[in-house]
Amino acid sequence: MIHQHSFAYEEWPDELALSEADRSLLHEARQVTALAYAPYSNFWVGAAARLVSGALVTGTNQENASYPVGSCAERVLLGHAAVRFPNDPIDTLAISYHPKDKSSQVPLYPCGMCRQALLEQEIRFERPIRLILSGMEGPVHIVGSAESLLPFAFTGKGLRS
Ligand code: THU
């Protein structure tokens with residue numbers, strides 16, 4: 001038997017199509033790229049999340065001379081949120097990036113490790129995280145949840161089965 005898996009996402013030509021709240025979150029993610037520490041890849045990533053309470057948290061990638069020690073912006077953000085707002089789930093997370101001294105026009109999707117980390121929060125809080133993905137300019141993708149980016153994921157359920 002053959003099964004098929006699909007997922008839907010929104011695509012907009014630019015941030016002008018977004019609601020005020022989403023536009024301002026994407027603006028924050030774009031701005032915060034300037035705080036990345038990325039001397040090895042020169043690939044500056046910024047993430048900004050609006051929590052259910054309305055609070056805002058941000059994260060940027062933090063690299064290390066021992067490359068695997070570095071962290072992506074998304075997981076830095078999750079640590080930031082967990083410490084400052086431990087019981088406040090993420091409603092929407094915007095991600096942007098740019099290579100050093102350049103702009104960017106293609107939406108950046110979170111890496112596999114970050115998809116897994118985001119999914120853990122969705123399971124923990126029983127709430128999807130909306131993702132707004134865009135470069136420093138140009139098209140914006142909106143994905144309804146991290147789960148939709150990680151089909152057949154390994155979760156705590158798998159650990160107990
Ligand atoms: N990176 C992120 O921060 N988020 C992503 O979703 C993809 C990759 C970072 C990790 C590393 O510092 C640099 O981008 C190049 O991979």
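Counting restarts for each chain: residues are numbered from 1 in the order of the written sequence. Per-residue local features are limited, in this predicted model, to residues with pLDDT of at least 70; the limit for side-chain atom pairs, both in listing and counting, is 80 or more; totals at the level of whole chains, interfaces and linings are taken over all residues. Note that the side-chain values use all heavy atoms of the structure and ignore hydrogens as well as water.

## As for the site of the ligand
Selection criterion: The cutoff for a nearby residue is simple: one of its non-hydrogen atoms must lie within 4 Å of the molecule or strand. Polar contacts here mean pairs of N or O atoms no more than 3.5 Å apart (in protein, one a potential hydrogen donor and the other a potential acceptor; neighbouring residues in sequence count only if both atoms are side-chain atoms). Per-residue and other accessible areas were derived by the Shrake-Rupley procedure at a 1.4 Å probe size, with only the shown protein chains allowed to occlude residues.
In the neighbourhood of the ligand, the contacting residues comprise Ser41, Phe43, Val45, Asn61, Glu63, Cys72, Ala73, Glu74, Tyr109, Pro110 and Cys111. Separating an oxygen atom of the ligand from a side-chain N or O atom of Asn61 is a distance of 2.9 Å. Glu63 is positioned with one of its side-chain polar atoms (N or O) 2.5 Å from an oxygen atom of the ligand. Burial of the ligand by the protein chains amounts to 76% of its free accessible area of 370 Å².

## Brief notes about the nonpolar core
Stated formally: The term nonpolar core refers to a set of buried residues drawn from Ala, Val, Leu, Ile, Met, Phe, Trp, Tyr and Cys, joined through side-chain atoms within 4.5 Å. Partly exposed residues are those whose accessible area sits between 20% and 50% of the maximum for their type, while under 20% is buried and over 50% is exposed, using a 1.4 Å probe and protein chains only. Put simply, DSSP marks the helices as runs of H or I at least four residues long and the strands as runs of E at least two long, and each gets a number from the N terminus on. Residue contacts are counted whenever heavy atoms from the two residues lie within 4.5 Å of one another.
Ranked by size, the top nonpolar core spans 23 residues in total, and within it Ala49, Leu77, Ile90, Leu93, Ile95, Leu118 and Leu131 carry the most contacts. Looking at this core, the elements with two or more residues in it are strand 2 (43–51), helix 2 (73–84), strand 4 (90–99), helix 3 (112–125) and strand 5 (130–134). With near-sequence residues (within four places) excluded, Leu118 lies in contact with Leu78, Leu93, Pro110, Ile129, Leu131 and Ala146. One finds Leu18, Leu25, Leu26 and Ile142 within the second-largest nonpolar core, a separate group that totals nine residues.

## Side note on the sheet that holds strand 1 (residues 9–12)
Inclusion rule: In this description, strands pair whenever DSSP reports at least two bridges between them. Interaxial angles span 0 to 180 degrees and are taken between N-to-C directions of axes, which are lines fitted to C-alpha atoms, for helices over the stretch in contact.
In space, the six strands of this open sheet follow the order 1-6-5-4-2-3, with mixed pairing throughout. Where the open sheet ends on each side, the last strands, each with one partner, are strand 1 and strand 3 (56–60). Looking at each pair of strands side by side, their axes are set apart by 15° on average, direction ignored. When strand 4 meets strand 5, the two strands line up parallel, connected through four bridges.

## Remarks on the layout of surface pockets
To keep things clear, this is the line we draw: Only protein atoms enter the 1 Å grid, on which a cavity is a set of points fitting a 1.4 Å probe that cannot get out and a pocket is an open set with protein on both sides within 12 Å along at least 5 of 7 lines, lining residues being those with an atom within 4 Å of a point. Grid points are joined across faces, edges and corners, and a volume is the space filled by probe spheres set on the points. Note on residue categories: nonpolar means Ala, Val, Leu, Ile, Met, Phe, Trp, Tyr, Cys or Pro, charged means Asp, Glu, Lys or Arg, and polar means any other residue, Gly included.
Each pocket or cavity is described by its volume, and for the largest pocket that value is around 250 Å³. Looking at the largest pocket, it is lined by 14 residues, and the ones nearest its centre are Leu119, Ile123, Glu147, Thr155 and Lys157. Those elements that provide at least two residues to the lining of the largest pocket are helix 3 and helix 4 (156–160). Residues that form the lining of the largest pocket fall into these classes: six nonpolar, four polar and four charged.

## Some details on the packing of helix 2 against helix 3
In helix packing, the relevant descriptors are the interaxial angle and the interaxial distance, both defined with respect to the helix axes. What counts here: We call two directions roughly parallel when the angle between them is under 35 degrees, roughly antiparallel when it is over 145, roughly perpendicular when it lies between 65 and 115, and oblique otherwise. When the near helix sits turned anticlockwise from the far one by under a right angle, the crossing is termed left-handed; a clockwise turn instead gives a right-handed crossing.
Two numbers describe how helix 2 lies on helix 3: the axes approach to 9 Å, and their chain directions differ by 25°. What the angle tells us is that helix 2 and helix 3 run roughly parallel. In terms of crossing hand, the pair formed by helix 2 and helix 3 is left-handed. Contact with helix 2, carried on its side by Glu74, Arg75 and Leu78, involves Met113, Cys114, Ala117, Leu118 and Gln121 of helix 3 and no other residues of that element.

These figures come from the coordinates and say nothing about function on their own.
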